[in-house]
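Residue strings, one per chain:
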Amino acid sequence: MSTNIDVLVLALAAVLGNVGVALTGLGMAIIFIFVWQIAIVCGYDGDFKYAIFIQALALLSIQVRWETLTRDEIMSKSVFSLL
């Protein structure tokens, strides 16, 4: 049974992982595990297998959105002057 602190830590890690991957392109799992390690250092003692499961669900939500973009949406949001 999960507690409120489990939900808070895992949700915070998932949100920050999504924001981090959107801003930097850095791997979501890296940011997720970084937030998880900060929580562990602060005294949180959650189960790591649940953290991995929640991270996989959060990554799936990003992948589904990426796969549903059409070519026109990708081209309209791209900035080719940076290349």
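(A) Spotlight on helix H2 (residues 28-41). Taking 1.5 Å per residue, 14 residues should reach 20 Å; H2 reaches 20 Å between its end C-alpha atoms and fits that length. Residue Gly43 follows H2 closely and has a positive phi angle near 110°.

(B) Inspection of the pattern of salt bridges at higher detail. Counted under the stated rule, the structure contains one salt bridge. Of the charged contacts, one joins Asp47 and Lys49 as a salt bridge, the two residues approaching to 4.0 Å between their closest N and O atoms. Of the residues examined, Lys49 reaches a relative accessible area of 55% and is grouped as exposed.

(C) Here's a closer look at the nonpolar core. Listed in full, the twelve residues of the largest apolar core are Val9, Leu10, Ala13, Ala14, Met28, Phe32, Val35, Trp36, Ala39, Tyr44, Ala51 and Ala58. Counting only elements with at least two residues in this core, the list comes to helix H1 (4-24), H2 and helix H3 (48-68). For this core, the element with the most residues is H2, which contributes five residues. With residues near it in sequence (within four places) discarded, Val35 still touches Ala13 and Leu16.

(D) View of a nonpolar patch on the surface. Residues Val15, Val19 and Leu23 make up a contiguous nonpolar surface patch of roughly 290 Å² in combined accessible area. Positionally, Val15 belongs in helix H1. Classification of Val15 as partly exposed rests on a relative accessible area of 49%.

Each value, and the rule that gives it
Residues numbered from 1 in each chain as written. Predicted model: local features only at pLDDT ≥ 70, side-chain atom pairs only at ≥ 80, totals over all residues. Heavy atoms only, no water. Helix = DSSP H or I, 4+ residues; strand = E, 2+ residues; numbered from the N terminus. Expected span 1.5 Å × (residues − 1). Salt bridge = Lys/Arg side-chain N within 4 Å of Asp/Glu carboxyl O. Buried < 20%, exposed > 50% of the residue type's maximum accessible area, 1.4 Å probe, protein only. Core = buried A, V, L, I, M, F, W, Y, C linked by side-chain atoms within 4.5 Å. Contact = heavy atoms within 4.5 Å. Patch = residues over 30% accessible without salt bridge, like charges linked within 9 Å, V, L, I, M, F, W, Y side chains within 5 Å. Areas by Shrake-Rupley, 256 points an atom, 1.4 Å probe, with all protein chains shown as cover.

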